[in-house]
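# Structural features, examined
Given next are the chains, with one letter for each unit.
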Amino acid sequence: QKEVEQNSGPLSVPEGAIASLNCTYSDRVSQSFFWYRQYSGKSPELIMSIYSNGDKEDGRFTAQLNKASQYVSLLIRDSQPSDSATYLCAVKSNFGNEKLTFGTGTRLTIIP
Amino acid sequence: ETGVTQTPRHLVMGMTNKKSLKCEQHLGHNAMYWYKQSAKKPLELMFVYNFKEQTENNSVPSRFSPECPNSSHLFLHLHTLQPEDSALYLCASSQPGLADREYQETQYFGPGTRLLVL
């Protein structure tokens, strides 16, 4: 059974629109949630982290967390072609335990 | 640049070869990680070192042998690998124990070593 699930895509979004990426997790005691962006042939880089229920905004990016539903999402406003990448959801169970569990990633394509 | 470097960037090896992957972090972090990334599969954590001590071995076959001589360097020694071990091997580092939770939990990745086992 997968611990972190994401729709693999590809997800195609027109330039300027909102891209919505979703992730569900199975471990109810998960405390920390991360979104990483990975361009083709490159390593993952952190986009957002979120720890409390609700929304967290950083520029064009908004992370949303609902622990009751075990659901975390990433919204990208005013999508740009440079946002085209694979987005990885990662979950960490215990504060102090360094183990991150990743989803398979969602491939996002922004269409000019 | 991420501050985490890996060498070599590409490696082709036969099943009877012995090779080593090297990771070096210039961020002053105390935790280092090896991950395996295969096509259409999630990033798989292999090993975790915290202050040079191995704290996680995620059921990795013994043909993969990690070594962490100090907090800045991490090696992955490879021997008698199988073709299914072909993947991107990523190193990461973080700084646990800091008061700033977001910074302490962020893992910074190196560029990876693309490994092909023939």
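### Things to note about the confidence of the model for chain A
Summarising the model, chain A shows a mean pLDDT of 91, and 94% of its residues fall at 70 or more. The least confident element of chain A, judged by mean pLDDT, is strand S10 (residues 100-102) of chain A at 89; the most confident is strand S8 (residues 71-76) of chain A at 97.

### Digging into the environment of valine 91 of chain A
Within the secondary structure, valine 91 of chain A is located in strand S9 (residues 85-92). Between the C-alpha atoms of valine 91 of chain A and valine 72 of chain A, which are 19 residues apart in sequence, the distance is 9.7 Å.

### Focus: the state of the cysteines
All names here are of chain B. One pass over the structure, following the stated rule, counts 2 disulfides over all chains. Across the disulfide, cysteine 23 is cross-linked to cysteine 91 (sulfur-sulfur distance 1.9 Å). Handedness here is read from the sign of the S-S torsion; for cysteine 23 and cysteine 91, about -70 degrees, the answer is left-handed. Taken together, the positions of cysteine 23 in strand S3 (residues 18-25) and cysteine 91 in strand S9 (residues 87-94) put the pair 68 residues apart, joining distant regions of the chain. In this structure cysteine 91 comes out as buried when scored by relative accessible area, which is 0%.

Conventions adopted
- Per chain, the residues get numbers from 1 upward, laid out in the order the sequence is written.
- Chain letters start at A and ligand numbers start at 1, both assigned in the order the entries are written.
- In keeping with the predicted nature of the model, local features appear solely for residues at pLDDT of at least 70, side-chain atom pairs appear and are counted solely at 80 or more, and the whole-chain, interface and lining totals rest on all residues.
- Only hydrogens and water are set aside; all other atoms, that is, all heavy atoms of the structure, feed into the side-chain values.
- Every residue is assigned a pLDDT by the predictor, reflecting its confidence on a scale from 0 to 100.
- Numbering goes from the N terminus for both helices and strands, where a helix is a DSSP run of H or I of at least four residues and a strand is a run of E of at least two.
- Cysteine sulfur pairs qualify as disulfides if the two atoms are within 2.5 Å.
- Working definition: with a 1.4 Å probe on protein chains only, accessible area under 20% of the residue-type maximum means buried, over 50% means exposed, and in between means partly exposed.

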